Amino acid sequence: MVRSSNGHKIRTVSHSYAMPSVIRLNRYVHAPYKGVTLTRQNVFKRDNSECQYCGTRRDLTLDHVIPSSRGGAHSWQNLVTACKKCNAKKGNYTPEEAGMQLKRKPFKPSYALFLRDITGSNHNEWDDFLEAKSA
Ligand SMILES: [Zn+2]
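Because the structure is a prediction, the values reported are computed rather than measured.

Section: the coordination of the zinc ion
Turning to step 1, where the next piece is worked out: Around the zinc ion, the protein contributes the donor atoms Cys51 (SG), Cys54 (SG), Cys83 (SG) and Cys86 (SG), which lie 2.3 to 2.4 Å from the metal centre.
Turning to step 2, where the next piece is worked out: The site at the zinc ion holds 4 donor atoms, and with the angles between them running 102 to 117°, its shape is tetrahedral.
Turning to step 3, where the next piece is worked out: Sequence positions of the residues that donate to the zinc ion give the spacing C-x2-C-x28-C-x2-C.
Turning to step 4, where the next piece is worked out: For Cys83, a relative accessible area of 5% translates into the label buried.
Turning to step 5, where the next piece is worked out: By relative accessible area, which is 9% here, Cys86 ends up buried.

Side note on the nonpolar core
Turning to step 1, where the next piece is worked out: If you look at the biggest cluster of nonpolar residues, it comprises 17 residues, and the most contacted ones within it are Cys51, Tyr53 and Cys86.
Turning to step 2, where the next piece is worked out: Put simply, the parts of the chain that give this core at least two residues each are α1 (40–46), β3 (60–64) and β4 (79–83).
Turning to step 3, where the next piece is worked out: Here the element with the most residues in this core is β4; it accounts for 4 residues.

Brief notes about the confidence of the model for the protein
Turning to step 1, where the next piece is worked out: Averaged over every residue, the pLDDT of the protein is 81; the share at 70 or more is 65%.
Turning to step 2, where the next piece is worked out: Element-level pLDDT for the protein is lowest in helix α4 (residues 111–119), with a mean of 65, against a maximum mean of 98 in β4.

Notes on the packing of aromatic side chains
Note on aromatic pairs: each is described by the distance of the centres and the angle between the planes.
Turning to step 1, where the next piece is worked out: As enumerated under the stated definition, the model contains 0 aromatic pairs in all.
Turning to step 2, where the next piece is worked out: Arg46 extends its terminal NZ or CZ atom over the ring of Phe107, reaching a point 5.6 Å from the ring centre.

Thoughts on the side chain of Thr94
Turning to step 1, where the next piece is worked out: Within the element layout of this structure, Thr94 appears in the loop between α2 (84–90) and α3 (95–98).
Turning to step 2, where the next piece is worked out: With relative accessibility at 10%, the residue Thr94 sits in the buried group.

Some words on the pattern of salt bridges
Turning to step 1, where the next piece is worked out: Counted by the stated rule, this structure contains 5 salt bridges.
Turning to step 2, where the next piece is worked out: In this structure, Asp47 engages Arg46 in a salt bridge whose closest nitrogen and oxygen atoms are separated by 2.9 Å.
Turning to step 3, where the next piece is worked out: In this structure, Arg104 and Asp47 form a salt bridge, with 3.5 Å as the shortest nitrogen-oxygen distance. In this pair, Arg104 sits in the loop between α3 and α4 while Asp47 sits in the loop between α1 and β3, placing the two residues 57 residues apart along the sequence.
Turning to step 4, where the next piece is worked out: Judged by relative accessible area, Asp47 falls into the buried class, the value being 2%.

The rules behind the values
- Residues numbered from 1 in each chain as written.
- Predicted model: local features only at pLDDT ≥ 70, side-chain atom pairs only at ≥ 80, totals over all residues.
- Heavy atoms only, no water.
- Donors = N, O, S within 2.8 Å, 3.2 Å for Na, K, Ca; no water.
- Tetrahedral: all angles 85-135°; square planar, octahedral: opposite > 155°, others 65-115°.
- Buried < 20%, exposed > 50% of the residue type's maximum accessible area, 1.4 Å probe, protein only.
- Core = buried A, V, L, I, M, F, W, Y, C linked by side-chain atoms within 4.5 Å.
- Helix = DSSP H or I, 4+ residues; strand = E, 2+ residues; numbered from the N terminus.
- pLDDT = per-residue confidence, 0-100.
- Phe/Tyr/Trp six-rings, centres within 6.5 Å; stacked < 30°, edge-to-face > 60°.
- Lys NZ or Arg CZ within 6 Å of the ring centre and 35° of its normal.
- Salt bridge = Lys/Arg side-chain N within 4 Å of Asp/Glu carboxyl O.

Structure follows, in structure tokens:
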């Protein structure tokens, strides 16, 4: 299955074909790694570079929702973007204990979510192939 975008064409001497922007493989091809790597930059990206407590975009750092000193994992589900002020205020507490509310429950982003961000927002021809972001 081939779908084209932008009207780009591939020309041969006698024919022209719609330039494929999406090619669906009919057979699964082994992909070495499909997940999004857990890095500081990718956590920021998932959280739109906003502190998940107060919403600022300044002085951002990573916050362990359950502090690592108390067994909190270094995982997508336990890491959020936080500004240094909120991070210091929260200290060694959980959000509940610190009386701080997370804007959104941290989640593992799907590869599709990041891919969409990289390629821009107008590639609607992908929509049939991508599932909604994973929860
Ligand atoms: Zn903050």
